[in-house]
Amino acid sequence: MKYLKRLAIRLILCFAPISWFSFIFTPLTVYGSYIILLSFFDVIIRDSFLIVNGFPFKIVEACVASAAYYLLWLLCFLTKDISVKVRFKIIVYGFLLIFGMNLFRIGLLVFLAMKYGFYWFSLVHLTFWYIVTGVYVALVWIFLVRYYNIKNVPMYSDVKTIYRMGFKKRKS
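Note that the coordinates shown come from a computational prediction; the quantities given were computed from them, not determined experimentally.

A. Local environment of the pattern of salt bridges. Per the counting criterion, the structure on display carries two salt bridges. One salt bridge in this structure joins Asp 81 and Lys 80, with 3.2 Å as the shortest N-O distance. Take Lys 80: its relative accessible area is 11%, and that puts it in the buried class.

B. Representation of the packing of helix α2 (residues 18-38) against helix α4 (residues 66-77) in the model. With their axes 9 Å apart at the nearest point, α2 and α4 run at an angle of 125° to one another. What the angle tells us is that α2 and α4 run oblique. α2 and α4 meet at a crossing whose hand is right-handed. Side by side, α2 and α4 meet where Ile 18, Phe 21, Ser 22 and Phe 25 of the first sit next to Ser 66, Ala 67, Tyr 69, Tyr 70 and Trp 73 of the second. Of the residues contributing to the contact of α2 with α4, the split by class is seven nonpolar, two polar and no charged.

C. Representation of the nonpolar core in the model. Of all hydrophobic cores here, the largest spans 46 residues; its most connected members are Val 52, Tyr 69, Trp 73, Ile 90, Phe 95 and Val 110. Those elements giving two or more residues to this core turn out to be α2, β2 (49-52), α3 (61-64), α4, α5 (84-116) and α6 (118-147). In terms of residue count, the dominant contributor to this core is α5 (12 residues). Contacts of Val 52, omitting those with residues within four sequence positions, involve Leu 37, Phe 41, Asp 42, Val 43, Phe 57, Val 110 and Met 114.

D. Structural view of the packing of aromatic side chains. Overall, the coordinates contain 17 aromatic pairs when judged by the stated rule. For the ring pair Phe 25 and Phe 95, a centre distance of 5.6 Å and an interplane angle of 80° mean the geometry is edge-to-face. Here Phe 95 lies in helix α5 and Phe 25 lies in helix α2, a separation of 70 residues in the sequence. Of the two residues, Phe 25 and Phe 95, neither departs from the other in class, the shared state being buried. Taken together, a centroid distance of 5.0 Å and an interplanar angle of 85° make the contact between Tyr 147 and Tyr 148 edge-to-face.

Each value, and the rule that gives it
Along each chain, numbering runs from 1 in the same order as the chain's sequence is written. pLDDT decides what is reported in this predicted model: residues at 70 or higher carry local features, side-chain atom pairs at 80 or more are listed and counted, and totals for whole chains, interfaces and linings draw on all residues regardless. Working from all heavy atoms in the structure, the side-chain values ignore hydrogens and water. Just to be clear on terms, a salt bridge is a Lys or Arg side-chain nitrogen sitting within 4 Å of an Asp or Glu carboxyl oxygen. Between buried and exposed lies partly exposed: a residue is buried under 20% and exposed over 50% of the maximum accessible area for its type, with that area taken using a 1.4 Å probe on protein chains only. Axes here mean lines fitted to C-alpha atoms, for a helix over just the part in contact, with angles spanning 0 to 180 degrees between N-to-C directions. We count a stretch as a helix when DSSP gives it H or I for four or more residues in a row; a strand needs E for two or more, and each element gets its number in order from the N terminus. For this classification, under 35 degrees means roughly parallel, over 145 means roughly antiparallel, 65 to 115 means roughly perpendicular, and everything else is oblique. Working rule for handedness: look at the near helix, and if it is turned counterclockwise from the far one by less than a right angle, call the crossing left-handed; if clockwise, right-handed. By the convention used here, residues are in contact when the closest approach between their heavy atoms is within 4.5 Å. In this classification, the charged set is Asp, Glu, Lys and Arg, the nonpolar set is Ala, Val, Leu, Ile, Met, Phe, Trp, Tyr, Cys and Pro, and all remaining amino acids, among them Gly, are polar. We call a set of buried residues a nonpolar core when its members are Ala, Val, Leu, Ile, Met, Phe, Trp, Tyr or Cys and they connect through side-chain atoms within 4.5 Å of each other. Aromatic rings from Phe, Tyr and Trp, with only the six-membered ring used for Trp, were paired whenever their centres fell within 6.5 Å, and each pair was classed as stacked if the ring planes differed by under 30 degrees, edge-to-face if by over 60, and tilted otherwise.

Laid out in structure tokens, this is it:
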């Protein structure tokens, strides 16, 4: 019964709205990008815009990578038998890795736009958007799973456990 209570809590936490991640990481991303870009360009912040050398760059929800944070959150809470302490560490380190890469990505894109034009900005932006982001989150997850020696598979391990629990009850 203890397992089912922990599972219920983990499943409830999976329903955290993605807007929470956006709310938390939008200002962090805007100001973090500002600090990085300030070393290279004249930058002004206006709402969610970074105005770099007179050119506005709007930081939208997709730029913040809310979905990447949310995916890592889901993977973490849909995996069984991770202690609260390790789960917390996975979330913190995973979020930091995603945040760091996101700031690098934004800095690179603005640098490309300013130095080489918006053609290169668009090309690299779309490549990151369609390919690199999903692969990166998967690699972060794989790294953290190996680092913390996690043997369970998200969702599958829980379904297998619940099935076995039900099968044992029918046998009795």
